[in-house]
Protein chains: 2
Amino acid sequence: MDASTTLLDRLIADGLLIPSGVDGIYARSIRFERIVDALDALVGRVGAPDGPEVLRFPPAMPRSSLVRSGYLKSFPQLLGTIHCFCGNEADHRALLHCVEANEDWTSQQRVTDLLLTPASCYPLYPIIATRGRLPHEGGIYDMHAWCFRHEPSLDPARMQTFRVREFVRMGVDDQVLAFRQLWLERAQDFISDLVLPYAIDVANDPFFGRSGRLMAESQREQKLKYELLVPINSEVKPTACMSFNYHLNHFGEAWGIESSDGALAYSGCVGFGLERIALALFHHHGFDTDAWPAKVCQALRLDA
Amino acid sequence: MDASTTLLDRLIADGLLIPSGVDGIYARSIRFERIVDALDALVGRVGAPDGPEVLRFPPAMPRSSLVRSGYLKSFPQLLGTIHCFCGNEADHRALLHCVEANEDWTSQQRVTDLLLTPASCYPLYPIIATRGRLPHEGGIYDMHAWCFRHEPSLDPARMQTFRVREFVRMGVDDQVLAFRQLWLERAQDFISDLVLPYAIDVANDPFFGRSGRLMAESQREQKLKYELLVPINSEVKPTACMSFNYHLNHFGEAWGIESSDGALAYSGCVGFGLERIALALFHHHGFDTDAWPAKVCQALRLDA
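Residues numbered from 1 in each chain as written. Chains lettered and ligands numbered in written order. Predicted model: local features only at pLDDT ≥ 70, side-chain atom pairs only at ≥ 80, totals over all residues. Heavy atoms only, no water.

Below, the discussion takes up the pattern of salt bridges. Residue and element names in this part refer to chain A. Counting across every chain of the model gives 26 salt bridges over all chains. Close ionic contact of Asp 14 with Arg 31 constitutes a salt bridge, the shortest N to O distance being 2.7 Å. Placement of the pair is Asp 14 in helix 1 (residues 7-14) and Arg 31 in helix 2 (residues 30-47), with a sequence separation of 17 residues. Across the pair Asp 142 and Arg 56 runs a salt bridge whose closest N-O atoms are separated by 3.2 Å. Within this pair, whereas Asp 142 is found in strand 7 (residues 139-148), its partner Arg 56 is found in strand 3 (residues 53-56), the two being separated by 86 residues in sequence. One connected set of salt bridges, linked through shared partners, spans Arg 28, Glu 33, Arg 163 and Glu 275. (Salt bridge = Lys/Arg side-chain N within 4 Å of Asp/Glu carboxyl O. Helix = DSSP H or I, 4+ residues; strand = E, 2+ residues; numbered from the N terminus.)

This is how it looks when you write it as structure tokens:
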């Protein structure tokens, strides 16, 4: 392949990912999935000493929950709502007529009460809210979900559907900040075991529009978000493979969750982009996992 | 709990499933997920001797692919299309105004080129179609995906989002029929190892509308679909936990896939509803997995 060959071209030529015809949507080969699974298990081993409550979420969640969490204020452009056909047989005939005429057949699709889970932690807060006041020691939760973000891209590290393993800490501010600091340290050991180059930096979420720019600035000033970045698709613009977030009492307020002292609960999360870390490994260590550094294979238990 | 307590009530009271506020959408506890994972692994071991090509699909797929496969003719009512906000800042302000006024905020959502994967095998056919004629021995594929079907229900065995492990056989008709027969036999061993009561019966898909009734009758007459049924939520109406399908050359024709002899390829699939089989186990053997029959624990390798 010539010099203009992209990482995505090479991943597809090698069969690690299989294109679907829509940018950012891929089938995964067993060689790719094996690494995603091994990474997921490794993240779980790193977080296990905290004794988190384990929850697994489906790729769809209630629309009302995400609205209450304030997602629409910040990221309307990333969200996917789920729409369904609720018509009768005449409507169905009209729909099929549109399909046959190669016209838009979706005009009868009506919005449901569901949307696509955009991050692994959003389904958590309504569950915690039903349980009453947090215990004195707060709570630690281990989550996994397929996430969706509407941002079609030719960068294989920017998929529209991807898996995020996440840990959330809820409690008083000190508990949350200590948890984030612990994971900032754990993450550096984790990524060193994977023999990947990295940098940790203050970051901001992709808030929508001009008012979003102010939110991004404020987030950076308050150092609410850090990212661990690894070069994948570009050396100049490395990819965020993990993020370390301090939500202040945003979710406590949205959901009326209280700490044991009766004040609004604080929260924070650490998220691992499993596909991104897998891509970082393939990019830096090659497509042949048998030739990966022994240290990496050991960390991922690839020999087991 | 009194006699009117449903299986869903008991699953929620026990914490195996956690409700989301929308029927058919649940968070999963670690105790539930452990069984789903063990079942998935067991199914994989049963199918491994065939040496299938392993593919894993995300919960979203191209809209055009599913249309080409003919899904809209049969099951428009089950499908979920994905819609996104593509507006500017003024549109965003209008959207937030609707949210605050507790009005419908989704009028600006526009359909994308994606929809929710409704069964694990649909993303396969376009991939096979790009590879040219099938080899003489045909093809065997091992798939897994989160699937979505818009059918909110209080029956925990009828979720809106659930995982299906599937094997597809493509080739000439004899190859496909032999594969289906083999899996009908394997499935009975599989379910016997899990010590579950079952029946196998001719079945039909939930085709839409009055014309759908004819399609259902034809499907039954030709014995294109068998189901393995286990009582879960109801003794009278047992739940399909596996299905064994013969597609004739439907997908070969839709995608122009040819067997090695140049004729349109035939296909068939066997699908395992992982949540359903897990629920069958909890229903029949109790919520305490430590008290499950030794034979079941052995088959699922729960001690490992």
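From this point, the discussion proceeds with the structure in view.
To continue, consider the relation of the copies chain A and chain B. Rotating chain A by 180° and moving it 0.0 Å along the rotation axis overlays it on chain B with an RMSD of 0.0 Å. On this basis, the relationship between the two copies can be described by a two-fold rotation axis. Closest to the rotation axis within chain A is the C-alpha of A:Ile82, separated from it by 2.5 Å. With an isologous cut-off of 70% or more, the 100% of interface residues of chain A that recur at the interface of chain B puts this contact in the isologous class. (Least-squares fit on C-alpha atoms with pLDDT ≥ 70 in both. Contact = heavy atoms within 4.5 Å.)

A few words on the interface of chain A and chain B. At the interface, 57 residues of chain A touch 57 residues of chain B. Between chain A and chain B, a total of about 4900 Å² is buried, with carbon and sulfur atoms accounting for 72% of that surface. Interface area lost by chain A to chain B is led by A:Glu89, A:Trp105 and A:Phe208, which between them contribute 11%. In this structure, the connection of chain A to chain B is made through 2 salt bridges. (Buried area = accessible area lost by both parts, 1.4 Å probe.)

Looking now at the sheet that holds strand 1 (residues 17-19) of chain A. Two orientations exist for strands paired in a sheet by backbone hydrogen bonds: parallel and antiparallel. Spatially, 9 strands are ordered 1(A)-2(A)-3(B)-7(B)-8(B)-12(B)-11(B)-10(B)-9(B) in an open sheet, and the strand pairing comes out mixed. The two strands at the open ends of the sheet, each matched to only one other strand, are strand 1 of chain A together with strand 9 (199-202) of chain B. Pairs of neighbouring strands in the sheet enclose a mean axial angle of 25°, with direction left out of account. Note that strand 9 of chain B and strand 10 (residues 225-230) of chain B share 4 bridges and pair antiparallel. (Pairing = 2+ DSSP bridges. Axes fitted to C-alpha atoms, helices over the stretch in contact; angles between N-to-C directions.)

These figures come from the coordinates and say nothing about function on their own.
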